[in-house]
Every structure is written in structure tokens, then in C-alpha cells.
Amino acid sequence: MSFDRSLKIAPSILSADFANFGEEIRCVEAQGADWIHVDVMDGHFVPNITFGPSTCAAIRPHISTVMDVHLMIAPVDPYIEAFAEAGADVITAHVEAGAHIHRSLQAIRANGAKAGVALNPGTPVSAVAHLLDHADLVCVMTVNPGFGGQSFIPLEGKVAELRAMIGDRPIHIEIDGGVTPLTAPGLVRAGADVLVAGSAVFKGGSVSNSAPYGANINAIRAAVA
């Protein structure tokens, strides 16, 4: 997985048809998705329960791009190895999820995945200032994590601050929450290069009619062009 700052659209399978993940993933990749984003929630760190390592292992053979696994769980360290073994290319842990985020990022890399660190909307970018040499991605949450389909929190200034802090380090800035053709342009101008989109990609389509997935992805790309 080589690094480049070109725009990447990462549809979240949280908005896909849970009964048909494999075909949904193949369809959305065929329609132009760059990464596949997997939102893992534990009902403890966030108020919802979604997927575990077994789901990631089951969908891995259907993913030809990048499996981007976002761990909204606490504690995180006991589960890193399992998600890496399930085939995650990127594993992101929340800076708020425990006292030893350096250890988490080191464990992610030691298990062969790219290391991401996520920030909730109320967490300042200063929280990752001393983590950047251990991270391959910083995820800025633009909703409070736990549910799909929430309203966007405008944090373009936070993204710009983070982009300046990163400098020339090979670190992706990912945005998760409320990404649409309306919100994407300001985020990309501020420095984001990976946009997670759930309902904005999957709305209006299905495995039997996947063209809307492509239209939705292209609408986001066109908005930031």
C-alpha cells in the first residue's frame, strides 16, 4: 500500500446491505471506490455494536482495494492482532480510547498494518502532535461516533491545523462523518485526502442497480475538482 495524496473515496459498509456485503463491496469498487471503510463499534466506547474480526475476515476476499478498519472500541489493544489477521490494511484507533495510544499504534504496525489515529470532534489536534511519527493516517471525526447518517460538524479549521502540523510527513488525513458533495470541497481544500462516505455513496442504489453508487461517488469527486 503505497502513499499518495490523491483523493480517495472510502464508502462505509455501515450503509450497505448487511445481508449481502460481498456483492455490495464488489459493486461499489466497480463503481469507483478507492478504499472500503469498516466501522467497528463495541457498544461501550460508542453506543452501537457492529462488526468484529470474523466479519472482516469474511469480507476480505471480496475487497480488491484497501480494507480500512476503524476501531471505535475500548480497550483496543487486545483486538489489534485479530483485525490484522483478518486482513485489515489500515487499522485506526481512537486517541480517546485508552491511556497508551503510542503502544496501540506500535502494535498496529508490528502486526503489519498501517496505523491510524482518530480524533472525536471535541478533541483538539494537539492530542496527536506527539504521535505523528508513529501514524500513517489521522482520522478527523466530523460527527460524534456511534451511528451512521448523522449531521456534519464543520471542522475545516481543525483539518487545516492538522495539515499544517503534518507538514511533509507521509500521513493521510481522513474525514469520517457527514461527507457529501456539499461538505467535501471545504474539507479537501483544508487538506483532507481520504473521505469516508456512507449514505452519501449507497443511497439510491443496490446490488441489482449499482449505477447510483458510481453517480454518488462521481458527484463527490466532481464537487472537489
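In this report, the structure presented in the accompanying data block is examined.

Parameters at a glance
Residue indices follow the written sequence of each chain, beginning from 1 at its first position. In view of the model being predicted, local features appear only for residues whose pLDDT reaches at least 70, and side-chain atom pairs are presented and counted only at 80 or more, with totals across whole chains, interfaces and linings using the full set of residues. Values reported for side chains reflect all heavy atoms of the structure, with hydrogen atoms and water molecules removed beforehand. Buried means the residue's accessible area, taken with a 1.4 Å probe over protein chains only, is under 20% of the maximum for its type, while exposed means over 50%, and partly exposed covers the values in between. Secondary structure elements are taken from DSSP: a helix is a run of H or I of four residues or more, a strand is a run of E of two residues or more, and numbering for both begins at the N terminus. Strands were regarded as paired on the criterion that DSSP finds at least two bridges between them. When the strands point away from the viewer, a crossover counts as right-handed if the route from the first strand across the helix to the second turns clockwise. Axes, fitted as lines to C-alpha atoms, cover a helix only where it is in contact. Angles between the N-to-C directions of the axes lie from 0 to 180 degrees. Throughout, a contact is declared for two residues whenever any of their heavy atoms are within 4.5 Å.

**Observations concerning the pairing of strand E5 (residues 114-119)**
At step 1: Counting buried positions along E5 yields five of six residues, so the element is predominantly enclosed.
At step 2: Relative to E5, strand E4 (residues 90-94) runs parallel, the two sharing five bridges. Paired with Ile 91 across the bridge in E5 is Ala 115.
At step 3: Running through helix H4 (residues 101-110), the crossover from E4 to the neighbouring parallel element E5 is right-handed.
At step 4: Bridge count for E5 against strand E6 (residues 137-141) is four bridges, and the pairing is parallel. Looking across to E6, one finds that Leu 119 is bridged to Val 140.

**What to know about the sheet that holds strand E3 (residues 66-72)**
At step 1: Strand order in the open sheet formed by eight strands is E1-E8-E7-E6-E5-E4-E3-E2, with parallel pairing between adjacent strands. Strands with a single pairing partner mark the edges of an open sheet, and in this sheet they are strand E1 (8-11) and strand E2 (35-41). Averaged over all pairs of adjacent strands, the angle between strand axes in this sheet comes to 25°, irrespective of strand direction.
At step 2: Where helix H5 (residues 156-166) meets the sheet, its contacts fall on E5, E6 and strand E7 (172-176), and the angle it forms with E7 comes to roughly 165°.

**Quick notes on the environment of His 134**
At step 1: As for its placement among the helices and strands, His 134 is situated in the loop between E5 and E6.
At step 2: Counting along the chain gives 23 residues from His 134 to Asn 111, while the straight-line C-alpha distance between them is 14 Å.
At step 3: The contacts of His 134, once residues within four sequence positions are left out, are His 102, Leu 105, Gln 106, Arg 109 and Ala 115.

Functional significance is not addressed by these values, which are geometric in nature.
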